Amino acid sequence: MKPKAVVFDLGKVLVHFDWSIAARKMSPRCNLSPEQLLRVFDYSPLVVDFELGRITDEQFYNEAVKLTGFQGDFEEFADLFGNIFSEMPEMIGLHAELRRRGVPTFIFSNTNGLAVRVIRAGFPFFAHFNGYVLSYEHGAMKPHAPLYEVVERMTGHSGSNLLYIDDRLENVEVGRARGWQVILQEQPEKTIAAVRACGLLD
């Protein structure tokens, strides 16, 4: 069955990201080494709270300053923390081709306000989706079911009408259990071939 909408994860599906970039750039402004900063930022409890929307951007900054001794203001911190992304050209091209063919597309991501701010400002492709389900706006993270329910409500589709692309097995398995068609992203070429096999690029 040809899907009626495509749901994309963001990190490692449409953009690469690397926390070590932020750690290296921020370390000279902190009391911690890059390795110590990575432990603060790489899906630590603080970052999980941030991506669940339990704390605001400013509260996250204030807590990070306490933990790291960061000496800059909020705007400098936001720039250093958020600029860890680079486009995946093949996947951006796939999204553009789906849009050209009139296929509705959606973002479904565990993320935070600072990351989205950077991506929205620096990556034009991000503006061209029909909708966005972002963890921090809904108080839930993948692979927990409530966020998948938000996707179904936003898209107006469920079951095999949805095609979902994610790089984490535990996330796609929850979609599969809901009857969604799923693709586990390993390499962009394999993902594009799988989308073609679904009939969306004919």
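Here, every reference points to the structure presented above.
Quantities reported herein were computed from a predicted structural model and do not represent experimental measurements.

Parameters at a glance
- Residues numbered from 1 in each chain as written.
- Predicted model: local features only at pLDDT ≥ 70, side-chain atom pairs only at ≥ 80, totals over all residues.
- Heavy atoms only, no water.
- 1 Å grid on protein atoms, 1.4 Å probe; cavity = no way out; pocket = protein on both sides within 12 Å on 5 of 7 lines; lining within 4 Å.
- Points joined across faces, edges and corners; volume = space filled by probe spheres on them.
- Helix = DSSP H or I, 4+ residues; strand = E, 2+ residues; numbered from the N terminus.
- Nonpolar A, V, L, I, M, F, W, Y, C, P; charged D, E, K, R; others polar.
- Contact = heavy atoms within 4.5 Å.
- Buried < 20%, exposed > 50% of the residue type's maximum accessible area, 1.4 Å probe, protein only.
- Pairing = 2+ DSSP bridges.
- Arc of directions from axis to C-beta.
- Phe/Tyr/Trp six-rings, centres within 6.5 Å; stacked < 30°, edge-to-face > 60°.

(A) The layout of surface pockets, seen in detail. Computed from the structure, the largest pocket encloses a volume of approximately 470 Å³. Phe-17, Tyr-43, Glu-51, Asn-110 and Arg-168 are the residues nearest the centre of the largest pocket, which is lined by 28 residues in total. Of all elements in the fold, only strand E2 (15-17), helix H5 (74-82), helix H7 (113-122) and helix H10 (169-177) reach the threshold of two or more residues within the lining of the largest pocket. Classifying every residue of the lining of the largest pocket by side-chain character gives 12 nonpolar, 7 polar and 9 charged.

(B) Structural context of the environment of Phe-123. Locating Phe-123 in the fold gives a position in the loop between H7 and strand E5 (131-134). Taking the C-alpha atoms as reference points, Phe-123 and Arg-196, separated by 73 residues in sequence, lie 25 Å from one another. Look past the residues within four positions of Phe-123 in its chain and what remains in contact with it is Phe-85, Ser-86, Glu-87 and Val-118.

(C) Layout of the pairing of strand E1 (residues 5-8). Of the two faces of E1, the one carrying Ala-5 and Val-7 and the one carrying Val-6 and Phe-8 are both buried. By the bridge criterion, 4 bridges tie E1 to strand E6 (residues 162-166) in an arrangement that is parallel. Paired with Val-6 across the two strands is Leu-163, which belongs to E6. Bridge count for E1 against strand E4 (residues 105-109) is 3 bridges, and the pairing is parallel. When the sheet's bridge partners are listed, Phe-8 is paired in E4 with Ile-107.

(D) Spatial organisation of helix H11 (residues 188-197). Every buried residue of H11 is accounted for by Pro-188, Thr-191 and Val-195. All buried residues of H11 lie within an arc of 60° about the axis, which places them on one face of the element. Counted as exposed and oriented over 90 degrees from the buried face of H11: Glu-189 and Ala-197. Where H11 is buried, its residues contact helix H6 (89-100), E6 and strand E7 (181-184). Positive backbone phi, approximately 90°, marks Gly-199, located one or two places after H11.

(E) Geometry of the packing of aromatic side chains. Inspection of the entire model under this criterion finds 25 aromatic pairs. Their ring planes at 70° and their centres at 6.3 Å tell us that Phe-125 and Phe-129 sit as a pair that is edge-to-face. Judged by its relative accessible area of 7%, Phe-129 falls in the buried class. Ring centres of Tyr-148 and Tyr-164 lie 6.1 Å apart, and the angle between their planes is 90°; on these two criteria the pair is classed as edge-to-face. One end of the pair, Tyr-148, is in helix H9 (residues 145-155); the other, Tyr-164, is in strand E6, and 16 residues separate them in sequence. Each member of the pair Tyr-148 and Tyr-164 is classed as buried. Following the ring pairs from residue to residue traces out a cluster consisting of Phe-17, Trp-19, Phe-41, Phe-50, Phe-60, Tyr-61, Phe-70, Phe-74, Phe-77, Phe-81 and Phe-85.

(F) Molecular detail of the side chain of Asn-161. Examined against the element boundaries, Asn-161 turns out to sit in the loop between H9 and E6. Overall, Asn-161 belongs to the buried group, its relative accessible area being 16%. Apart from residues no more than four positions distant in its own chain, Asn-161 is found in contact with Met-1, Pro-3, Lys-4 and Ala-5.

(G) Layout of unusual backbone geometry. The residue after Lys-142, namely Pro-143, is reached through a cis peptide bond having omega 10°. Examined against the element boundaries, Pro-143 turns out to sit in the loop between helix H8 (135-138) and H9. Backbone geometry at Lys-12 places phi at a positive 70°, although glycine is not the residue there. Along the polypeptide, Lys-12 turns up in the loop between E1 and E2.

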